Amino acid sequence: MALNLDAVGKKIGPFTKDYTWKDAVLYALGVGAGFSDLEYCYEKDLKVIPSFGITTIYDFMAEVATTSNVNLAGILHGEQELIFHNPIPPEGAMITEGAIKHYYDKGKDKGALIVGEFETSHSNGQKLFTSIVTVFARLDGGFGGENAPAKEVAFPDRDPDFVVDASPSADQPLIYRLSGDVFQLHVDQEFAEMAGFEKPIMHGLCTHGYACRSLIQTFIPGEPEKARRMDCRFKRPLYPGMPVRIVIWKTDEGRAVWKVINTETKEVVIDNGVFEYGDIPKTEIRFDGRVAIVTGAGAGLGRTYALELAKRGAKVVVNDLGGARDGSGDGSQAPADKVVDEIKALGGEAVANYDNVATVDGGANIVKTALDAFGTVDILINNAGILRDKSFLKMEPENWAGVLDVHLNGAYNVSRPAFAVMKEKGYGRILMTTSAAGLYGNFGQTNYTAAKMGLVGLMNTLKLEGRKYSINVNTIAPVAASRLTEDILPPDFLDKLKPELVTPMALYLVSEVCTASGNIYNAGLGCFNRVAMVTGPGAVVGDGQSVPAPEQLVAEWEKITSLQGAREYQDVTEQIGDLLAAFSKPAAASTGETAGFGSATDVFDAMPAAFVADAASGVDVVFQYIISGEGGGDWHSVIKDQTCRVTSGSHAKPNCTLKMDAADFLDMMNGKLPAMQAYTSGKLKIEGDIMKSQLIEKVFKWNR
Ligand code: NAI
């Protein structure tokens with residue numbers, strides 16, 4: 001029976017697990033807690049071991065197995081990652097749902113890997129943890145799929161910094177199984193022998209619970225709520241009663257790597273362990289489960305972005321061609337490899353890519369690297385860059401084109417395939433890298449500044465195309481000491497310009513919490529500000545029909561140049577709306593007449609009289625008006641059989657709903673605010689059948 005590869009992405013769950021404090025204590029006893037860590041065992045001020053969350057896994061695993069058509073005789077729990085978002089309360093319900101993310105093929109007779117990911121929330125609405133489970137299907141390999149990316153944790157070449165010895169009792173599985181995993185392998189002699197073991201074996205997740213307790217005891221004693229992430233690979237079975245040793249290396253502040261060893265046989269039972277912890281505020285920006293591509297990440301700014309993203313949970317594709325500062329040379333794999341090693345040494349996940357962003361194939365391959373290694377792309381930072389400075393007349397075509405190719409075409413080449421993935425999944429963050437030189441100008445850099453402003457143009461439209469799919473696109477203008485700036489900026493200044501001082505802005509802009517899109521931010525030296533393109537109100541010269549003479553512009557020059565009252569547009573429609581408005585002379589304003597309507601109620605009272613029955617032949621429509629603010633309310637008009645009925649309140653099935661603030665509505669109805677301008681400026685919102693709204697002008701003639 002072949003694996004059902006079509007099950008990838010299929011929703012699994014939700015499963016609800018009701019629990020009381022007794023379940024939490026039973027789990028704690030099952031993983032060896034006792035008087036030494038009474039906070040897990042005594043209902044007074046009870047704290048729940050974060051790995052208790054794993055007891056939600058059994059329904060999910062069963063569904064993963066059946067949906068996948070896996071051969072049940074060969075399944076083992078391969079790897080387990082838990083990302084903790086909030087402490088588990090002592091009682092309530094845990095609600096879990098997720099999906100199968102990948103099938104990997106290790107080859108015929110070598111098995112397959114099934115990766116599932118699920119989220120668990122508490123009945124109080126809080127997100128508790130994300131769980132990524134890898135099932136090893138020993139008997140299902142050889143289906144012709146891709147092998148899983150290597151995922152090895154780098155262990156320091158020194159004795160462990162901490163060692164915790166534990167002695168699970170010979171009866172431990174009998175307690176542990178009461179938390180949900182009642183598989184016979186852990187209790188039934190006959191079954192265990194059939195499966196090839198001498199006797200029932202320990203649950204891998206029971207040993208996992210011992211490790212969790214030990215890690216908390218080592219780094220955050222008494223404060224399990226500070227555990228952030230725990231990841232590991234189950235390597236060998238363990239018989240009950242065998243003593244174990246948890247060996248731990250601290251690799252960074254708030255991060256450790258660990259293994260569990262069978263103290264008697266010295267065999268590694270659990271490998272590739274990572275534990276993250278810390279006193280981190282709730283508003284912490286995390287990238288757990290996110291996949292990020294950083295181009296040009298082998299050095300300078302890109303390296304710091306990649307490291308920080310990985311530290312905060314992202315899986316990172318470290319792209320770097322490894323060429324010279326001007327882009328020449330054959331390139332080198334060393335810069336990207338080095339950064340990947342740095343990330344792994346910190347317990348993070350990363351893969352290297354050495355493609356050239358300046359080619360279409362290079363861009364496609366960078367995105368493919370992310371898909372192959374991690375299955376998706378959530379974040380793209382277009383950062384790769386070179387310089388070929390020359391004054392304009394010395395700027396030969398190859399130096400002009402070379403710089404545009406890396407910066408501007410490079411961003412196009414990588415963003416396009418990444419955008420396709422993001423559009424499909426309905427989420428994405430893209431960051432362009434411009435430069436103060438581009439924004440404000442810099443002698444000798446026409447090629448670079450043109451490319452850097454080209455990136456702003458790319459962002460301006462991509463933000464619009466991405467909006468519907470929650471793809472935000474922003475631009476950073478960094479200043480930092482790097483290979484690019486070492487001979488441009490004054491040496492004293494360079495010491496102060498650490499790339500790390502730029503990183504917070506890049507990370508914020510590619511995070512889930514950042515809702516901005518289409519903005520440009522300067523970042524350097526720890527100073528951050530926004531840059532915007534603004535447009536002054538200008539002057540209307542002439543009547544829009546006859547062509548004004550240049551001399552007329554001279555007369556109005558002060559007004560045309562002034563930025564007083566300037567505004568920022570979100571797109572060209574907004575700007576054209578203002579342009580059109582400049583020529584539409586509002587009747588009341590131009591004639592000096594006093595406004596006709598004093599309130600929204602006046603408007604709807606007058607509506608039947610304004611209705612032109614002859615113009616409404618064949619019209620069958622219901623308009624709903626929702627007028628907010630002082631004097632507002634809901635009204636609807638039903639137009640049918642050349643009649644118009646206006647009623648206050650909501651209609652059950654309007655064709656078209658118009659929403660507006662009462663003051664704006666009165667301005668519009670009194671001729672001070674053209675309807676087109678109201679719409680393009682967002683003051684008038686139209687929902688439902690937008691085309692029907694155009695009938696309003698046709699069937700009403702207002703006599704203000
Ligand atoms: P850097 O030279 O330290 O890093 C750029 C990286 O991009 C290098 O490792 C390089 O090998 C890689 N790269 C170059 N061409 C590539 C290609 N075709 N494909 C893949 N990788 C390639 O420079 P830095 O300062 O970190 O610059 C990063 C970005 O920030 C660039 O886009 C740069 O223009 C921009 N920037 C930097 C400023 C600064 O003050 N450092 C100021 C304004 C903008």
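Residues numbered from 1 in each chain as written. Predicted model: local features only at pLDDT ≥ 70, side-chain atom pairs only at ≥ 80, totals over all residues. Heavy atoms only, no water.

Student: Hey, could you run me through the overall build of the chain in this one?
Tutor: Each helix and strand counted, the chain has 20 helices and 23 strands in total. A burial count over the chain gives 47% of its 704 residues as buried. Within the chain, residue pairs in contact and separated by at least 24 positions form 72% of the contacts whose partners lie at least 6 positions apart. When the accessible surface of the chain is totalled, it reaches about 33100 Å², and 53% of it is carbon and sulfur. With 68 positive and 88 negative side-chain charges, the chain shows a spacing of 1 Å between the two charge centroids. (Helix = DSSP H or I, 4+ residues; strand = E, 2+ residues; numbered from the N terminus. Buried < 20%, exposed > 50% of the residue type's maximum accessible area, 1.4 Å probe, protein only. Contact = heavy atoms within 4.5 Å. Areas by Shrake-Rupley, 256 points an atom, 1.4 Å probe, with all protein chains shown as cover. Lys, Arg positive; Asp, Glu negative; His and termini not counted. Charge placed at Lys NZ, Arg CZ, Asp CG, Glu CD.)

Student: Explain empty space enclosed by the protein to me, please; I cannot follow it from the model alone.
Tutor: For the coordinates displayed, the defined rule picks out three cavities of 30 Å³ or more. Lining the largest cavity are 13 residues, and of these N382, N383, A384, V406 and H407 sit closest to its centre. Elements with a contribution of two residues or more to the lining of the largest cavity: α9 (397–425), β15 (428–433) and α11 (446–467). Per element, the largest residue contribution to the lining of the largest cavity is four residues, and it comes from α9. By residue class, the composition of the lining of the largest cavity is six nonpolar, six polar and one charged. Taken as a whole, the second largest cavity encloses approximately 50 Å³ of empty space. The wall of the second largest cavity is formed by E81, R229, A310, G313, A314, K315, G347, G348 and E349. Each residue belonging to the lining of the second largest cavity can be placed in one class, and the counts come to two nonpolar, three polar and four charged. (1 Å grid on protein atoms, 1.4 Å probe; cavity = no way out; pocket = protein on both sides within 12 Å on 5 of 7 lines; lining within 4 Å. Points joined across faces, edges and corners; volume = space filled by probe spheres on them. Nonpolar A, V, L, I, M, F, W, Y, C, P; charged D, E, K, R; others polar.)

Student: What exactly am I supposed to notice about the packing of aromatic side chains here?
Tutor: To describe a pair of aromatic rings, one takes the distance between the centres and the angle between the planes. Taken as a whole and judged by the stated rule, the model has 14 aromatic pairs. Taking 5.3 Å as the distance between ring centres and 65° as the angle between the ring planes, the aromatic pair formed by F155 and W249 counts as edge-to-face. Residue F155 is found in the loop between β5 (127–137) and β6 (162–166), and its partner W249 is found in strand β8 (residues 244–252); the two are separated by 94 residues along the sequence. By relative accessible area, which is 21% here, F155 ends up partly exposed. Look at W249 and you get buried, because its relative accessible area is 8%. (Phe/Tyr/Trp six-rings, centres within 6.5 Å; stacked < 30°, edge-to-face > 60°.)

Student: Explain the environment of V64 to me, please; I cannot follow it from the model alone.
Tutor: The residue V64 is located in helix α2 (residues 57–68) in this model. Note on V64: relative accessible area 3%, which makes it buried. Aside from chain neighbours lying at most four places away, what touches V64 is I12, I100 and I114.

Student: What am I meant to see in the site of the ligand here?
Tutor: The environment of the ligand is formed by 30 residues, the closest being D320, N356, N383, Y448 and S482. Within the backbone of N383, an N or O atom sits 2.7 Å from an oxygen atom of the ligand. Contact distances for the ligand include 3.5 Å between an oxygen atom and a backbone N or O atom of G385. Protein coverage of the free-state accessible area of the ligand, which is 820 Å², stands at 96%. At the level of elements, α6 (300–311), α9 and α11 are the ones that each hand at least two residues to the shell around the ligand. (Near = heavy atom within 4 Å. Polar contact = N/O pair within 3.5 Å; in protein donor to acceptor, adjacent residues only side chain to side chain.)

Student: Help me understand the sheet that holds β15, please; the structure alone is not making it clear to me.
Tutor: Across the sheet, which stays open at both edges, the eight strands sit in the order β13-β12-β11-β14-β15-β16-β17-β18 with mixed pairing between neighbours. Both outer strands of the open sheet, β13 (349–353) and β18 (527–531), are each paired with one neighbouring strand and no more. Geometrically, the sheet is characterised by an average inter-axis angle of 20° between neighbouring strands, direction not taken into account. Across five bridges, the pairing between strand β12 (residues 315–319) and β13 is parallel. Across the sheet, residue K315 finds its bridge partner in β13, namely E349. Where helix α8 (residues 360–374) meets the sheet, its contacts fall on β11 (291–294), β12 and β13, and the angle it forms with β13 comes to roughly 145°. The strands touched by α9 within the sheet are β14 (379–381), β15 and β16 (471–478), with β15 carrying the most contacts at an inclination of about 170°. (Pairing = 2+ DSSP bridges. Axes fitted to C-alpha atoms, helices over the stretch in contact; angles between N-to-C directions.)

Student: Even after reading the chapter, I still don't get the nonpolar core, so can you show me in this structure?
Tutor: Generally speaking, soluble globular proteins have nonpolar side chains that are buried together. Membership of the largest hydrophobic core comes to 71 residues, with the highest contact counts inside it found for I114, W258 and F275. A per-element tally of this core places helix α5 (residues 204–219) first, with eight residues. Ignoring any residue separated from it by four or fewer positions in sequence, one finds I114 in contact with L3, V64, S68, V70, I100, H102, Y103, V133, T134, V135 and A137. Membership of the second largest hydrophobic core comes to 40 residues, among which are F374, M432, A477 and V531. (Core = buried A, V, L, I, M, F, W, Y, C linked by side-chain atoms within 4.5 Å.)

Student: Could you clarify how one ought to interpret the sheet that holds strand β23 (residues 684–688) in this entry?
Tutor: For sheets, the rule is that strands pair by backbone hydrogen bonds, running either parallel or antiparallel. Pairing is mixed across the open sheet formed by five strands, whose spatial order is β21-β20-β19-β22-β23. Of all the strands in the sheet, just β21 (643–648) and β23 have a single pairing partner and so form its edges. Sheet twist, expressed as the mean angle between neighbouring strand axes with direction ignored, is 20°. Judged from the six bridges that link them, strand β19 (residues 621–628) and strand β22 (residues 656–661) form a sheet pairing that is parallel. Note that in β22 the partner of Y625 across the bridge is L658. Packing against the sheet, helix α18 (residues 662–669) makes contact with β19, β22 and β23, and its axis sits at approximately 105° to β22.

Student: How should I be thinking about the packing of α6 against helix α7 (residues 334–345) in this particular structure?
Tutor: The angle between the axes and the distance between the axes are what describe a pair of packed helices. Axis separation between α6 and α7 bottoms out at 10 Å; the angle between their running directions is 25°. With respect to α7, the axis of α6 lies roughly parallel. Handedness of the α6/α7 crossing: right-handed. Residues R303, A306, L307 and A310 of α6 lie in contact with α7, whose contacting residues are V339, E342 and I343. (Parallel < 35°, antiparallel > 145°, perpendicular 65-115°, else oblique. Left-handed = near helix turned anticlockwise from the far one by under 90°.)

Student: Quick question: what am I supposed to make of the pattern of salt bridges here?
Tutor: Under the definition given, this model contains 32 salt bridges. Across the salt bridge formed by K250 and E253, the nearest N and O atoms sit 3.3 Å from each other. Between D372 and K368 there is a salt bridge whose closest N-O contact spans 2.8 Å. One end of the pair, D372, and the other, K368, are both in helix α8, four residues apart, so they sit about a helical turn from each other. (Salt bridge = Lys/Arg side-chain N within 4 Å of Asp/Glu carboxyl O.)

Student: Looking at this model, I keep getting lost on the side chain of T67. Mind explaining?
Tutor: In this fold, T67 is placed in helix α2. We classify T67 as buried; its relative accessible area is 13%. Apart from the residues within four sequence positions on either side, T67 is in contact with N4, A7, K10, I12 and I100.

Student: Honestly, the environment of V70 in this entry has me stumped. Any pointers?
Tutor: Along the chain, V70 falls in the loop between α2 and β2 (75–84). A relative accessible area of 6% means that V70 is categorised as buried. Residues V70 and L3, spaced 67 residues apart in sequence, show a C-alpha to C-alpha distance of 5.7 Å. Those residues in contact with V70, other than ones at most four positions away along the chain, are L3, A65, I75, I114, A137 and D140.

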